[in-house]
Amino acid sequence: RSVGDRNRLGQSLNCLAEAHAAAGDLDAAEPMYEEALTLARDMGGRAAIAVALLNLARVHLDRNSGDSAARVLREVLDLVDEHTGRQETQQLLTVAAGLAAHEGDWARAALIYGAAQAQLKQHGLRREPADEASLAPLMARVRQATDDAGFAAHEEEGQKLAPEDALRDVRAWLRSGR
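A few points on the structure.

Calculation notes
- Residues numbered from 1 in each chain as written.
- Predicted model: local features only at pLDDT ≥ 70, side-chain atom pairs only at ≥ 80, totals over all residues.
- Heavy atoms only, no water.
- Helix = DSSP H or I, 4+ residues; strand = E, 2+ residues; numbered from the N terminus.
- Expected span 1.5 Å × (residues − 1).
- Buried < 20%, exposed > 50% of the residue type's maximum accessible area, 1.4 Å probe, protein only.
- Core = buried A, V, L, I, M, F, W, Y, C linked by side-chain atoms within 4.5 Å.
- Contact = heavy atoms within 4.5 Å.
- Salt bridge = Lys/Arg side-chain N within 4 Å of Asp/Glu carboxyl O.

A word on helix H5 (residues 86–102)
Here comes step 1: Helix length check: H5, at 17 residues, gives a terminal C-alpha distance of 24 Å against a target of 24 Å (1.5 Å per residue), a fit within 8%.
Here comes step 2: A large share of H5 lies buried, amounting to 14 of its 17 residues.
Here comes step 3: Gly 104 sits one or two residues past H5 and shows a positive phi near 80°.

Encoded structure:
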């Protein structure tokens, strides 16, 4: 912290928080994500702000606070545009799929999950371990509620969506009051 490189400090805090979140230690992760967000806001980096917000939204989901997660996702959607990076778009879709699952909106969860999966595959990305640890139990609930065939059908439909269409659908859903 004394070096003064706020960008690297924010990145380092985010990495440490990810390790804690992946291990299930949300009490350690959350304040680090919040500090990384404060630094990103101070520097004005839209991508860094979006990543920190998405990580906080995931923590809210892991703490069973869907309303807080939705509020944070709406803020992220205000930041994203055609210049948003692939990783941020994929992470936003991943967290939105988790929120839909959390709320029992099984078809929407599988559809958005499919869109996120398509982004991973198309761009050779990988989901962060903390994101996977958060999402896996939620998607297991979706699969159980929809049966494998139902899940696969909705997931396949989501994989066919262009990223901008998937984001538009998520934006409309979140703004409708979900």
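Let's pick the thread back up.
With respect to the nonpolar core
The nonpolar side chains of a soluble globular protein tend to be buried with one another.
Here comes step 1: One finds Leu 73, Leu 92, Leu 93, Leu 99, Met 139, Val 170 and Leu 174 to be the most contacted residues of the largest nonpolar core, which totals 49 residues.
Here comes step 2: Of all the elements in the fold, those that place two or more residues in this core are helix H1 (6–22), helix H2 (26–43), helix H3 (46–62), helix H4 (66–79), H5, helix H6 (106–123), helix H7 (129–159) and helix H8 (163–175).
Here comes step 3: At 9 residues, H3 tops the list of elements feeding residues into this core.
Here comes step 4: Those residues in contact with Met 139 that lie beyond four places of it in its chain are Ala 97, Gly 98, Ala 101, Ala 109, Tyr 113 and Phe 151.

Quick word on the pattern of salt bridges
Side-chain pairs of opposite charge can arise whenever the charged atoms involved come near each other.
Here comes step 1: By the definition in use, this model includes 13 salt bridges.
Here comes step 2: Arg 58 is the partner of Glu 18 in a salt bridge, and the nearest nitrogen-oxygen pair spans 3.0 Å. Of this pair, Glu 18 sits in helix H1 while Arg 58 sits in helix H3, placing them 40 residues apart in sequence. Here Glu 18 and Arg 58 have matching classes, each one buried.
Here comes step 3: Asp 131 is the partner of Arg 58 in a salt bridge, and the nearest nitrogen-oxygen pair spans 2.5 Å. With Arg 58 in helix H3 and Asp 131 in helix H7, the pair connects residues that are 73 residues apart, well separated along the chain. Pair check on accessibility: Arg 58 and Asp 131 agree, each one buried.
Here comes step 4: Three or more residues are tied together by salt bridges with common partners; here these are Glu 18, Arg 58 and Asp 131.

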